[in-house]
Each structure stands twice: as C-alpha cells, then as structure tokens.
Amino acid sequence: MQPRDLSAHVPYEAGRGIEEVARELGFDPEDLVKLSSNENAWGPSPEAVVALREAAGTVHTYPKAAHTDLTEALADEWDVAPAQVWLANGGDGALDYLARATLDPGDEVLVSDPGFAYYAMSARYHHGRVNEYPLRKADDFEQTAETVLDHYDGERVVYVTSPHNPTGSEMPLDEVETLADRTDEETLVVVDEAYGEFSASPSAVRLVRERDDVAVLRTFSKAYGLAGVRLGYALVPEPWADAYARVNTPFAASELACRAGLAALGDEAHVEQAVEGVRWAREHLRSELDCPTWPSQGNFVLAEVGDATRTFEAAKGRGVIVRDTSSFGLPECVRVTCGTEEQTKRAVEVLNEVA
Ligand SMILES: *Cc1c(COP(=O)(O)O)cnc(C)c1O
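The sections below set out a description of the structure shown in this document.

Thresholds applied
- Residues numbered from 1 in each chain as written.
- Predicted model: local features only at pLDDT ≥ 70, side-chain atom pairs only at ≥ 80, totals over all residues.
- Heavy atoms only, no water.
- Near = heavy atom within 4 Å.
- Polar contact = N/O pair within 3.5 Å; in protein donor to acceptor, adjacent residues only side chain to side chain.
- Areas by Shrake-Rupley, 256 points an atom, 1.4 Å probe, with all protein chains shown as cover.
- Patch = residues over 30% accessible without salt bridge, like charges linked within 9 Å, V, L, I, M, F, W, Y side chains within 5 Å.
- Salt bridge = Lys/Arg side-chain N within 4 Å of Asp/Glu carboxyl O.
- Lys, Arg positive; Asp, Glu negative; His and termini not counted.
- Charge placed at Lys NZ, Arg CZ, Asp CG, Glu CD.
- Buried < 20%, exposed > 50% of the residue type's maximum accessible area, 1.4 Å probe, protein only.
- Helix = DSSP H or I, 4+ residues; strand = E, 2+ residues; numbered from the N terminus.
- Contact = heavy atoms within 4.5 Å.
- Arc of directions from axis to C-beta.
- Pairing = 2+ DSSP bridges.
- Axes fitted to C-alpha atoms, helices over the stretch in contact; angles between N-to-C directions.
- Parallel < 35°, antiparallel > 145°, perpendicular 65-115°, else oblique.
- Left-handed = near helix turned anticlockwise from the far one by under 90°.

**Points about the site of the ligand**
Part 1 of the reasoning: With respect to spatial proximity, 14 residues lie near the ligand, and among them Gly 91, Asp 192, Tyr 195, Thr 219 and Lys 222 are the closest.
Part 2 of the reasoning: Between the ligand and the protein, one listed contact pairs an oxygen atom with a side-chain N or O atom of Arg 230 at 2.7 Å.
Part 3 of the reasoning: Protein contacts shield 93% of the accessible area of the ligand, which totals 380 Å² for the unbound molecule.

**Some remarks on a negative patch on the surface**
Part 1 of the reasoning: On the surface, Glu 72, Asp 76, Glu 77, Asp 79, Glu 268, Glu 272 and Glu 276 cluster together into a patch of negative charge.
Part 2 of the reasoning: According to the relative accessible area criterion, Asp 76 is exposed, its value standing at 66%.

**Considering the environment of Ser 296**
Part 1 of the reasoning: Here Ser 296 lies in the loop between helix H11 (268–288) and strand S9 (300–304).
Part 2 of the reasoning: The exposure class of Ser 296 is buried, given its relative accessible area of 7%.
Part 3 of the reasoning: The spacing of Ser 296 and Ala 73 is 223 residues in sequence and 29 Å in space, taken between C-alpha atoms.
Part 4 of the reasoning: Contact partners of Ser 296, with chain neighbours within four places excluded, come to Gly 168, Arg 282 and Val 301.
Part 5 of the reasoning: A polar atom in the side chain of Ser 296 sits 3.0 Å from the backbone nitrogen of Gly 298.

**Comments concerning helix H12 (residues 308–317)**
Part 1 of the reasoning: Buried residues of H12: Ala 308, Thr 311, Phe 312, Ala 315 and Lys 316, and no others. Looking straight down H12, one finds that the buried residues subtend no more than 130° of arc, so they occupy a single side.
Part 2 of the reasoning: One or two positions beyond H12, positive phi appears at Gly 319, with a value near 85°.

**Here's the deal with the sheet that holds strand S4 (residues 129–134)**
Part 1 of the reasoning: If you walk across this open sheet you meet the 7 strands as S2-S8-S7-S6-S5-S3-S4, and the pairing is mixed. In this open sheet, the two strands that pair with only one neighbour each are strand S2 (85–88) and S4. The sheet shows a mean angle of 25° between the axes of neighbouring strands, taken without regard to direction.
Part 2 of the reasoning: Pairing of strand S3 (residues 108–113) with S4, which is carried by 6 bridges, proceeds in the parallel orientation. Looking at S4, one finds that Val 109 is bridged to Val 130.
Part 3 of the reasoning: Most of the contacts of helix H3 (residues 64–78) go to S2, to which it runs at about 130°, and overall it touches S2, strand S7 (214–219) and strand S8 (232–235).

**Points about the packing of H12 against helix H13 (residues 341–354)**
Part 1 of the reasoning: At their nearest, the axes of H12 and H13 sit 9 Å apart, and the two run at 125° to each other. By the angle between their directions, the pair H12 and H13 is classed as oblique. As H12 runs across H13, the sense of the crossing is right-handed. Residues Arg 310, Thr 311, Ala 314 and Ala 315 of H12 touch H13, and the partners they reach there are Val 350, Leu 351 and Val 354.

Scope: geometric values only; no functional claims are made or implied.
Have a look at this one:
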C-alpha cells in the first residue's frame, strides 16, 4: 500500500544541524558560526537547564501538574483564562491545533509569500487549500490590512507573521485590528509572534481578549532558547477555547518541556540578555553588511546578496552558515540570525568577502 496522495505537500527542509555541516566540511563544530535557524545564540536559560535535570527523575509519569502549572503561568502572564492557552509541541504544533480546530476539508487559508512554510503545510495536512498574498520587496515587505485584503477571498484562516520571517517587517496592531474587522465573521486571523520578544511593538493578545476572531502564536524556541525541547502555544479567543480538549494530542507538551518552560518564564534576565544582544547584532548587521538589508524586529536580518545559493555555499566554506531564503521565495537573499558579538562580526566579515 501507499500513503495518500501527498504530491501537493511540500517537504519541510530545516536548516541543517551544526554537527552535520561540520562533518561535511571537516570543521570542528566549535569553529562553525551557525546563524541559519534563528536560534538563541546565548543558549537556554540556566534555570531551565536546572529544571530539566531535576525533572529527568520523574518522566515515568504523565505531565499532569506541569502542564497545568505552565498553562496557568502563561494565562497569568497574558491576562487570559487558562483555557485560552493551548500548549503544544512547538509553535508548529500549536499551528496544527488551530488548523484542526478551524478547517473542514476543502476550506481555504491565506498565507504570505514570501513566508513561513509551515502554515501551508499544516493546512494541507488538515485537508485545507492554500492561497497566497504577496509581500513586495519594492514596498520593503510592508504589511498592512490592505496588502492582505487585496488578496482575501473569504478564507477560513488568514496568517500574519509579525515580526515576519524571513523579512523582519511587522504589521502594526491597528492594521491587524482593521484586518480582523474587514474579514468575514467566520475567518480567524492568526498573528504569529514567534519573534515577539525582540520587537518593541505591542502583542496582538489585546485583540484575543477583546474579540472572537484573532489568535496569537508564541514559542519558547527563540527568545527563551528552548528550540530543542519543542514548546509553543496559541492564545485563542475565550468563546471557543474549549475546542482544545477535542483536538489536542493528549499532553502535547512533555513534562520536560513544561518544566523547562516554567523555569525559563521566570528567568527574565536570560530573555533580556538575548533581546539586548539581538538589538546590537541587528544594528551591526545593518550598518556593516555591504549589501542591501531591511529593518528587522526579529532576531535576524534579511540581506540581498544577489545569488543566495552561491553566497550560502561560499560562506559555508569559510565556516559561516546562514539561511538561503530560496525556499521562502527569495532566491536573491540570505537570512542572517543575530549571533553573539563575536559570531556576528565574523558573519559580516565573511559575507562581505563572498557576496
Ligand atoms: C520559529 C518559528 C515558529 C515556531 O517554531 P517552533 O520551534 O515550532 O516553536 C513559528 N513561526 C515562525 C514564523 C517561526 O519562525
């Protein structure tokens, strides 16, 4: 037998792991600067590391209390009811729950081009169909209600990424509100704030509190430095929050993930360190890279290098890994994650040499 027809499903290609690349190049992993996956260059919260070690001894039980504790801590943090916090295996897992809760077979969703691949993948897994709205380089990837509404045709879900991956642009909160106002009553606007901590703009969670058609996505993978534990969540409107119990994989976030998340949430100094480091690196990349770049509110900068694949390969040969954004729909650009001072300076040197 065969799986169902998956020919419309585009395989997800993650940036490659540092060990893999080091082996291929004959480098020591320590000598590689890997700025391709928007990971936290300062590592995980030390308090999360302690929590993970401590939790290791109790992983024979289901994560009942840890799941509840983290849900309540996040509800507190965002001033929503615990039922509105949908914990998941990464932000990507939360996207799946939103798709499961909203899409009937054949329903359509609207995603940005260029954009984050997983929205479309998740919609297709859930028998949805995918339409796109362009973010234009000529407009510096500006995001307004109008840029989306020009291409909106009653889709069930509209995905907004703010800050946007891979461009770094944002949709101002009043524009998100206009978008939600002007889309149909049965359309959900998902605001993906995976990079929200790095931005000075307010979260769209205010709209989640006020209305029934906006959800917000957050993750512990970026500012909290917990990409490896896979922990994220959606904040959903109160009126339909109880759908979680009907769509989630039981105990979607593991005991280890929940304990690490709780500890990281309490470690404000760690997040601040990452946010400050990212601010410096963003400035440095923008002022020192010779090629055109765009303002970014994320922990990365998009750079127009001409031929992304060639630049990627040449930089890799010198031990600096960046993300070729061809798969995002930008074959002339690379995305450079904000690293430590040392990593970022080295990336600038190498990119200026090869681009
Ligand atoms: C990283 C990222 C996510 C979430 O990633 P997880 O590791 O699954 O939490 C979601 N959206 C965007 C745009 C991202 O870049």
